[in-house]
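Inside the fold
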Amino acid sequence: MEFENGVQRWVVDISNWKPSDEDFTMALALLPRHEHHSVTRFLKLEDRKRAVISRMLQYALVHHVLNLPFEAIAIRRTPQGKPFLVSECMKLGFPNFNFNVSHQGNYVGIASEPLCLVGLDIVSYSLPVNESVYGFLQNFSPYFSQLEWCNILNACSDDEKLKTFYRYWSLKEAFVKAVGTGVVDCKLDSIEFHHTSSWEDISVRVAGEDLSDWKFWNFELDQCHGVSIARGNPKLAKSNLSRRAVFDSEEYNTSFNLPNKSLKFLSVEDLIELMHPIFD
């Protein structure tokens, strides 16, 4: 199986999906029954929509990449909430196939890698009601390095300050999600990102040490949303799930240097169509 096939980036825009109760029930029925509570536990419809699309993306992508029938797909989650395939599903041509999901605002996304760790984080460039940009940002100043904080405050406008803040935040989230730890378990100000003025050639320094085994991408989904993707060495994973992956240096170098695929934008209707072959 070609490693390139394991690199996937899918995004669904849910802003125009206004399901009736019947439509939502039909979408939920496409998931295995044990996944239903993870959707229905949310009280607000918008949260339920994001949850059901997130779960559907996971099953559709695994089926698409690994060609697994539905009954063979077993997805579980780490204590930190990162989804993974159980071990029986892993012997399918990729040394460490893994994926990560994120949702915020109008978008739900998933990213996968054949060997390297992957982290994904979507952000909405939003500001709480009745709060100034500066007042909002001050709440988060302890989570940024001095360099990052200066870059945020020195942005040319309030909108750019907010966007710069969210770019850094999503990069930090993507990194810790790839590693397999939660944000609460990390000293975020020790994770410092460096980049060009156009947010390219992104690198990370943790506790003063440059980590060369990581690549990052950051782009805008639209004027109000952005996304970050992290790719890193499985040996750096906090979870035993990825640390046990068996691969040689040639496989690792090939995987680490694979091109980052363009985002594949799907409608909810597209995703439902992808799900039907799994469950028919």
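Attention here is on the structure that accompanies the text.

Concerning the overall build of the chain
Summing up its helical and strand segments, the chain has nine helices and eleven strands in all. For 280 residues, the compact-globule formula gives about 19 Å, and the C-alpha radius of gyration of the chain, at 19 Å, lands near that figure. Its C-alpha atoms put the chain at 55 × 50 × 30 Å along the principal axes. Considering the chain as a whole, with its 280 residues, one finds that 51% of them fall into the buried category. Residue pairs in contact within the chain that sit at least 24 positions apart in sequence constitute 63% of those at least 6 positions apart.

Here we look at the layout of surface pockets
There is about 700 Å³ of room inside the largest pocket. Around the largest pocket sit 32 residues that line it, and V101, S102, H103, D121 and K177 are the ones nearest its centre. When residues of the lining of the largest pocket are traced back to their parent elements, those giving at least two are α3 (45–66), β4 (98–104), β6 (117–124) and α6 (158–179).

A look at the packing of aromatic side chains
For the coordinates displayed, the defined rule picks out 26 aromatic pairs. Centroid distance F136 to F140: 5.2 Å. Interplanar angle 65°. Geometry classified as edge-to-face. Ring centres 5.5 Å apart and planes at 70° place the aromatic pair F140 and W169 in the edge-to-face group. Here F140 is found in the loop between α4 (133–138) and α5 (146–153), whereas its partner W169 is found in helix α6, with 29 residues between them in sequence. The ring of F256 carries K215 above its face, with NZ or CZ at 4.9 Å from the centroid.

Topic: the sheet that holds strand β11 (residues 264–266)
Read across the open sheet, the four strands follow the order β4-β5-β1-β11; overall the sheet is mixed. With partners counted over all chains shown, the strands left at the sheet margins are β4 and β11, one partner each. For this sheet, the mean angle separating the axes of adjacent strands, direction not counted, is 20°. In this sheet, strand β5 (residues 107–113) lies alongside β4 in antiparallel orientation, the contact comprising seven bridges. Of the residues in β5, the one forming a bridge with V101 is I110.

What about the pairing of β4?
Burial analysis of β4 places five of its seven residues in the buried class, which makes it a mostly covered element. The antiparallel pairing of β4 with β5 creates a hairpin that spans two residues between the two strands, and G105 there sits at a positive phi of about 60°.

Considerations on the environment of K163
As for its position among the elements, K163 is in helix α6. The class for K163 is buried, based on a relative accessible area of 16%. Residues K163 and S124, 39 residues apart in the sequence, show an inter-C-alpha distance of 9.1 Å. Excluding anything up to four places from it in sequence, K163 contacts Y125, E220 and Q223.

Side note on the nonpolar core
Residues V52, I53, M56, L57 and F97 are the most contacted members of the largest nonpolar core, which totals 44 residues. The set of elements that each furnish at least two residues to this core consists of β1 (8–13), α1 (21–28), α3, β4, β5, α8 (249–256) and α9 (268–279). In terms of residues, this core owes the most to one element, α3, which gives eleven residues. Here V52 is in contact with W17, F24, A27, L28, L31 and V39, once residues within four sequence places are set aside. Counting residues in each nonpolar core, the second largest holds 31 residues, with L117, F165, W199 and I202 among its members.

Section: α1
Looking only at α1, the buried set comprises F24, A27 and L28. Here the buried residues of α1 occupy an arc of 100° about the axis, which is enough to place them on one side. Opposite its buried face, α1 presents the exposed residues E22, T25 and M26, each directed more than 90 degrees away. Here the buried face of α1 lies against α2 (36–40) and α3.

Reading the values: rules and limits
Residues numbered from 1 in each chain as written. Predicted model: local features only at pLDDT ≥ 70, side-chain atom pairs only at ≥ 80, totals over all residues. Heavy atoms only, no water. Helix = DSSP H or I, 4+ residues; strand = E, 2+ residues; numbered from the N terminus. Rg over C-alpha atoms; globule rule 2.2 N^0.38 Å. Buried < 20%, exposed > 50% of the residue type's maximum accessible area, 1.4 Å probe, protein only. Contact = heavy atoms within 4.5 Å. 1 Å grid on protein atoms, 1.4 Å probe; cavity = no way out; pocket = protein on both sides within 12 Å on 5 of 7 lines; lining within 4 Å. Points joined across faces, edges and corners; volume = space filled by probe spheres on them. Phe/Tyr/Trp six-rings, centres within 6.5 Å; stacked < 30°, edge-to-face > 60°. Lys NZ or Arg CZ within 6 Å of the ring centre and 35° of its normal. Pairing = 2+ DSSP bridges. Axes fitted to C-alpha atoms, helices over the stretch in contact; angles between N-to-C directions. Core = buried A, V, L, I, M, F, W, Y, C linked by side-chain atoms within 4.5 Å. Arc of directions from axis to C-beta.

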